Every structure is written in C-alpha cells, then in structure tokens.
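# Structural features, examined
Each chain is listed here by its residues.
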Protein chains: 2
Amino acid sequence: MNIRFYNARIVAPSQKDKDNIEVIKGEVWVKGDTIVYVGDGKDSDKVFAQNDIIIWNREIDVKGNVLIPGFKNAHTHTAMTFLRSYADDVPLQEWLQNHIFPKEALLKEEDVYWLNILGIMEYLTSGITTSFDMYLYPYATAKAAEKTGFRTMITSGLNNFTSSVKEVEEQYFKINDMSDRIKFVPGFHAEYTCSKELLEELSAFSNKYKLPVWTHNSETLLEVKECKERWGMSPTKFMDSLGLLEYGGGGYHCIWMDESDYDIFKERNLSMITCPASNLKLNDGIAPVSTFRKNGIKVGIGTDGPSSNNCLDMFREMFLVSGLANVKDKTANSIKAEDVLKMAITDGADAMGLSECNAIAVGKKADIVIIDLNQPNMQPINNIIKNIVYSGSKINVKMTVINGEILYADGNFNIGIDPTEVYEKANSIIRSME
Amino acid sequence: MNIRFYNARIVAPSQKDKDNIEVIKGEVWVKGDTIVYVGDGKDSDKVFAQNDIIIWNREIDVKGNVLIPGFKNAHTHTAMTFLRSYADDVPLQEWLQNHIFPKEALLKEEDVYWLNILGIMEYLTSGITTSFDMYLYPYATAKAAEKTGFRTMITSGLNNFTSSVKEVEEQYFKINDMSDRIKFVPGFHAEYTCSKELLEELSAFSNKYKLPVWTHNSETLLEVKECKERWGMSPTKFMDSLGLLEYGGGGYHCIWMDESDYDIFKERNLSMITCPASNLKLNDGIAPVSTFRKNGIKVGIGTDGPSSNNCLDMFREMFLVSGLANVKDKTANSIKAEDVLKMAITDGADAMGLSECNAIAVGKKADIVIIDLNQPNMQPINNIIKNIVYSGSKINVKMTVINGEILYADGNFNIGIDPTEVYEKANSIIRSME
C-alpha cells in the first residue's frame, strides 16, 4: 500500500550518531513495501520528483503518537501456542521430555499452520513484525506467514529424531523461493539432541552455500556440563570445531558461557538472542547480556515459545532484559533503555540478517508500529523511549504494518482469517490430543 | 448499580477448599455496591425471595469471558506518575535524594489530586480496583478516589521532614469519615527517615486507637546495615521494640530479613507486600517471597510508585513474582500460578484489612474485572488461571467495576473527567518544575 503517516513522532536513527536512535517529529511515506521518505514533510517537492507522484491508499493522522520500527522476535517456536499453560512450573529437561515431546509427536502439519496463525495474531498485538522461528513442519510456518502477510525468518530445528540434512537442504531452497517476506537459514535444535555425524553433515551443507547456522546454545548448566563430558569442550567450541560457525549465525539463550566462548562469538561474528521470560520460567539462569554487549557481540531479544513464557510480548521481554541485567551485574543501570529498544528492533533484525527491516529510514521495508501515547501508562511524556521500554504494553499497540500492509489496527486483525476460527482450531487441536 | 453478569466464567473461592480458588460457570448479581448472588442462575427464585426484586440497570452478557475479583495494588505512591521515566537507571538512595525529593518539594496539593487521577486511570486499565497508597497530601489522594469512584486505602508517609503525628491523627479521623471506599491507617516512610522520638509518638497514637502500622521495611541492604549500626537491631525488631506492631500492619519490600524478623511477622500477624518490578529496577535485591509464605505470613503484591517501575500493571508484577521466586529458590516451580493470583487479589485485600473486597462471593463488595479471553494471548484455553498469571496483559481488561459502578469498559473511562484533561495536567505539572 502507499501510506502517508503524518503528525507523527518517529523513532529513527540519530542524525548525529547512526548507532543511536532519537525521536523526531514529522512524516513517514510508504510506497508499496518500502519507506520512501522520513522527514518534516516540507521538502516534499524534492521527494515527489525522486519518487514520481504517489497516489495514497491511506493518509493516516498519527495525532502525535509514535512510529517505531516493528519489534523483531529473534527466537521463538510460534506454533507451540497449543501448549500455552499446558505444562508449567517444571524445569527445562523434565518439561521437554515428559510434557512437550509427547504432545509434539501428535502434531500434524495442518495443526502447525493454524497454531502459527494464532501466534502471529499475538505478535501483531505486541507490535512484533518479524519472528525467527524454529519448529516442526517449517513449510506450515512459511504458509502461515504467507497467508497472513507476516514476515518470518525460519531456521531448521534439525535433530536426531524428526529431520535430516537432506530435508533441511530442501527446505532451504523451497522456502527461500516462496516470498520476499519469508526466509530460511539452517539451524539445529541443540548439541544434546544431535549426533556428531549429523552436525558434520549440516556443517558441510552450510559451508557449501556459505550459510549462517543457529541453535539453542548453553541454555542450562546441565547442557554445558554434559557437552563437556561428551566432547571435552563447551557447546560453542564444539560447534566451532565442526566448522558450523564459518559463516556467522549464533545462539539462543547463551546463559552459561566460558570466557573462550565470547572469543568465538567475536571471531565468527555470531549474535546472541536472549529470552529472559522463558529463562525465568524454566529456571535456566540469568543470561550475561551485558557481558556479550561489552564484548561487542550483537544481542537480540526473543520470547521463546509460548509454552515456556507463556505470552508473546516484547514489552515484557524488554523490561526483563533491563531488570535482569541489573540483577546479574548488581547495579541499577546495567543497560540503558535506548539500548534495550535497539536490541528489540535493530540488533535483532541485524542478527537475523534482516537489516532491511531494522529502522524507519528511506529504503527500508515498511515494518512500522504506531504506539498509542493516549493511554495513562504513557503519560506524562517525560521520555518516550523509557516509557516504551519500562511502561509499554500491548494496550499501546494501535497499528502494526508489515511490508506496507496494515495487518492490525485498533484491535482488529486484517489477516484474511476470522480470529474466532483460529481460536476454535487451536482449542480443538489440543483437545484432540487428550 | 444493579448489574447482572451472565454467561460468565467466574474465579471464585473453591467449594471444596476455601483457601483455594476455582473457575466456575454461571452468573454474578450485583445490587448496589454488593454481590448478592453467585451461581448457575437456576436457583434464582430463592435469591429473589432473599433480596426482593432487583431491577437491573445493566444485564451484561459476559460471553464466556472471565470475571475475577479486582486486583489489589498493595503498595504504591500513585501520584508519582509525574516522575514516570524522569529519573531512571540509578540506585534507590541516589534516586531518592538527588532526583525524587527535590521534585517532590515543588509539588502542590492540587497537583497530587490530578496525578492520582492519572494513576487511577492506569489502575483501571490493569484491572486494579484498590490501591494501598502512601504519599504526600493524603487528602488529595482521597479526593481523587472520591471523584473517580476508585477504592483506596491510604497510609501516612510520616517522616522527619514533611509531616507530624498530629497531622496523621487528623488525617486518620477526617479521611475515614469521607466515604466507604476510602480508608486510612497510620504509617511512616521508613526507619531511616524518622527519629526515634517521632516513631515513639506514632506508637502511642497507634496503640491508643489499636491501629495497624505500615512502612517501607528492609528494602535495601544499606538500610538494614545502617539501622543495625544505629539501634543494634534490624528495622523489624526496632519497630517492634517501640511497640509499633502491637495491632498488626506490615512492611513493604522486606527483602533483607533476619531469621528473627520472620518470627516477629508471625507473632504480630504482620503482612509483607512485595514489589518485584521496582526492586529489579532499583537493584534492591530479590525478595524472599516463598520464605514468607512458608512461614505462614501473608504476602500481597504492589507496583510501588510509577517512578520506579515505571508502569502500574498487576499482570507484569504477577509474572515477576513467579519468575523471581524461581531465581531466588533455584527451582522452576517455587510458587504456583493459583497462589500468585491469590496474592494479587485475596491476600493483598486481607493484608490491607479489606477482606470485604477479597473475592467474588455473596456479601462481598462488587469489585469485579472482566478478563477478555477473545485475544490471542489467552488462547487456547488450557488453564485460565495460568493464562492470566503468565500471559495476561492490560489488553485483556475488558471492564473494571468498583463498588458496583462500571468505571472502565472497552477502553473508555467513566470517571467524570476527560482523559485528555488529565494528560494535559500531568504534563503541565512536570513541565512547570523544569
């Protein structure tokens, strides 16, 4: 769509320091799926000349509210919506082995499609415009994004039990061919669910095509201990020894790291994705987020799956990133609010290889969220970025735009499916397993 | 108002075990400010006979959504809304001395009235129907509750600088005379802001009228250390030695406790109010919530003031109570979701001395919230209570009823004041101080 947003406050890259963000007042113009203008609107003649005449589908008076780039949910298993509030209050391994895996064995491909759509709806209510998804039946995940207009990066959850490198290779080619909004990179579930041979095979594939590789890494102390017993080295070092990290990628969680693991992350230009709510809930530990950042390693933020969280809400994750870094570092100012917001948007996008969606700036994809300041939790307006990071809520998401299409506005979904149908499907899927 | 809620799921005291809650299906009838019926509606003849004929002002089809008793925000400084996102990322003492106290010195009584109304609006969006408020100008706090229809328990923030026991005594009689919805109990700011003489005077007053006393207690390690240096004992023991705890009351925060402090809490029937978001933000430490509970001590939940949080959101607090108890106790199931919900409602109400508002049951005050299940974060419906505690958000608060009056519904406030006026006042108050 061609959309003109006017009377807006805009969270944009700082003019003075491109590594920072600032709040400016003005307009954002979207042509098709791309941002073509950000400014005060007074130099529009110049812009018109550059871009031809734009016939607006919508001119939206933002009424002083805030345009931010959409949040990037940089680690999730979206379709696990069916297990939300199903098995809680147990530690990771027990939760996986006794509660999650048996139910997942009953999942069908069509179930994953519908369960993804439910998760996508929740993303839209939280201003999340992109997910980095690892789950069973990646084609179903891709189809759900295709149907709804959502943007997703899919990675394979390769493991000894449910998939093969051959399948990953097929998925890589087929999924990357589906839509500009849907991409695929190789990944594996975790060191403890993959044989060395399987990982060597994945390494050969990723090196052949020069691809990044993603995985759950050092989420629990037990995982690291057992990996060291098995291979005499940390999960990060083990992966590196297999040549899995030659072309970047990174790790989800990364709580229990050795000093030398940081060196590998730096050397291989890897990113770390932190999932604070899930880590709290499963008692995994508190991730050393500020240590990663001090080492110059990019950190994105993920919700993890809805079964271990149990919601998909970037506002809660941002507050937790900030608060838990204080606990970890024994200070009240471990990470600035501005940096937390950057992690949830820019750094997450860059980690995923989606730099075209990392900012509200000319040439970037139009993944934009309107944050409603006309709610009591956003008043008074002392500091908009701090209000968003420390006080923001789903109640503040007035509109979510992905690739220039308005998918959610004022509580209504525009995803081509009736929400009631999605809720009914999700309930019938889990009920059919009981 | 006389309101009939039908087609509802209801979070009510369990029939089998009154100390627990359960979800039942049926109707709730409100006559004036009181709940007069909870059940399936089929025995209505009997109820009509008991209560005369009720002419309904509203009959509300709840459409399968959930009625819960309103949340009790058991510790807050509501009017600190003006300092939201004003001074962040500094530890408690620096925050208080360098940022908060200088601005508070400029506050006028009328400012506190408007800033309270802003906070009350946010409470309504989060399903909070009662606050336990300690702040400057308690009459203004009372008037804001009187004007809007909100329910509040006020306690005095007595200290060496801004008030006297004589004033507290006046406030006690005047405020308790204002409205059934507005109550007052004595309190003091903290051991470190009060002289021994002042506390002895407060003790004499509270003993004369047999009143509970509340205060900030053992919020930081420094506070406890300095108290021990000053008086040779912990804050709790010091208060007890002055006779301040003869008639109950309790402490806010209570993070750094001695073994013997728990004994005093038990012996004096005191309650503890935990404020996890604020504690994270100010790096106070993680409260030993489950230790209090194992000692049989009632624990309520508070947001603390919006300047140190920065939002007023019981959903975020509930998730944090659960998650941080896991961190503290090194387990994934420290406190059950059902117990966290009870803390946020029943235990908070009981701690405040407002047991008439602690449940949806006949004879209780009609403080009721409708939780919207028709949102993606509440689907599928595997476990409603876990969904609320782990996944709930302000977006799920469809209606907030206090004392039988609908104060908030579908995003609209019914508090006798235009929200825009409140936002303008709050902004002009903080701007006038710069």
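As shown above, the structure is provided for reference.
Heads up: these notes are all about the structure in this document. Predicted model, so just to flag it, every value in this text is computed and none were measured. Throughout this description, residue numbers start from 1 for each chain and increase along the sequence as written. Whichever chain is written first is A, and whichever ligand is written first is 1; the rest continue in order. Per-residue local features are limited, in this predicted model, to residues with pLDDT of at least 70; the limit for side-chain atom pairs, both in listing and counting, is 80 or more; totals at the level of whole chains, interfaces and linings are taken over all residues. Side-chain measures were taken over the full set of non-hydrogen atoms in the model, leaving aside hydrogen atoms and water.

## Section: the overall build of chain A
Put simply, the rule is: In this text, helices come from DSSP runs of H or I with a minimum length of four residues, and strands from runs of E with a minimum of two, each type numbered from the N-terminal end. Using C-alpha atoms as the atom set, the radius of gyration is obtained and then compared with a globule rule of 2.2 Å times the number of residues to the power 0.38. Burial classes follow relative accessibility: with a 1.4 Å probe on protein chains only, a residue under 20% of its type's maximum area counts as buried, one over 50% as exposed, and anything between as partly exposed. Should any heavy atoms of two residues lie within 4.5 Å, those residues are counted as being in contact. Note on areas: these come from Shrake-Rupley sampling with a 1.4 Å probe, and a residue is covered only by the protein chains present in the view.
Helix and strand counts for chain A stand at 15 helices and 18 strands. Computed over its C-alpha atoms, the radius of gyration of chain A comes to 21 Å, within 12% of the 22 Å expected for a compact globule of 434 residues. Viewed in the frame of its principal axes, chain A has a C-alpha envelope of about 65 × 45 × 45 Å. Buried positions account for 65% of the 434 residues belonging to chain A. In chain A, 73% of the contacts between residues at least 6 apart in sequence involve partners at least 24 apart. Total accessible area on chain A stands at roughly 14900 Å², and carbon and sulfur atoms take up 47% of it.

## Things to note about the relation of the copies chain B and chain A
One copy of the chain maps onto the second through a rotation about an axis and a displacement along it. To keep it simple, the criterion reads: Least squares is the method for superposing the copies, and the C-alpha atoms it fits come from residues with pLDDT of at least 70 in both.
The transform that puts chain B on chain A rotates by 180 degrees and translates by 0.0 Å along the axis, for an RMSD of 0.0 Å. Such a combination of turn and shift is consistent with a two-fold rotation axis. If distances are taken from each C-alpha of chain B to the rotation axis, the shortest is found for B:Ile395, at 2.4 Å. Most of the interface of chain B is mirrored in chain A, where 100% of its interface residues are also at the interface.

## Here we look at unusual backbone geometry
What you tend to see is this: most non-glycine residues have negative phi, and most peptide bonds are trans. Between A:Asn309 and A:Asn310 the backbone carries a cis peptide bond, its omega angle lying at 10 degrees. Checked against the element boundaries, A:Asn310 lands in the loop between β14 (299-301) and α12 (314-329). Residues other than glycine seldom take positive phi values, yet B:Cys254 does so here, at roughly 50 degrees. Here B:Cys254 is to be found in the loop between β12 (249-253) and α9 (259-267). By relative accessible area, which is 0% here, B:Cys254 ends up buried.

## Observations concerning the pattern of salt bridges
Residues and elements named next belong to chain A. Defined as follows: By definition here, a salt bridge exists when the distance from a side-chain nitrogen of Lys or Arg to a carboxyl oxygen of Asp or Glu is within 4 Å.
In this structure the tally under the stated criterion is 38 salt bridges over all chains. Between aspartate 33 and lysine 365 there is a salt bridge; the shortest N-O distance is 3.2 Å. On the criterion of sequence distance, the pair formed by aspartate 33 in the loop between β2 (21-31) and β3 (34-39) and lysine 365 in the loop between α13 (337-352) and β15 (368-371) is long-range, its members being 332 residues apart.

## Quick look at the nonpolar core
For the record, the criterion: Note on terminology: a nonpolar core comprises buried Ala, Val, Leu, Ile, Met, Phe, Trp, Tyr and Cys residues joined through side-chain atoms within 4.5 Å.
Ranked by internal contacts, the top residues of the largest apolar core, which has 224 residues, are A:Phe71, A:Met318, B:Phe71 and B:Met318. If near-sequence neighbours (up to four positions away) are discounted, A:Phe71 is found in contact with A:Ser126, A:Gly127, A:Ile128, A:Thr129, A:Thr130, A:Met314, A:Phe315, A:Met318, A:Leu341, A:Ala344, A:Ile345 and A:Ile388.

## A look at the sheet that holds strand β7 (residues 128-134) of chain A
All names here are of chain A. Under the convention used in this document: The rule for pairing is simple: two strands pair if DSSP sees at least two bridges between them. What counts as an axis is a line fitted to C-alpha atoms, over the stretch in contact for a helix, and the angles between N-to-C directions run from 0 to 180 degrees.
Within the open sheet, the four strands sit side by side as β6-β7-β8-β9. Their pairing is parallel. The strands lining the two open edges of the sheet, one partner per strand, are β6 (71-76) and β9 (182-185). Across the sheet, the axes of successive neighbouring strands diverge by a mean angle of 15 degrees, strand direction being ignored. Two elements, β7 and strand β8 (residues 151-155), share five bridges in a ladder whose sense is parallel. What sits directly across from methionine 134, in β8, is threonine 155.

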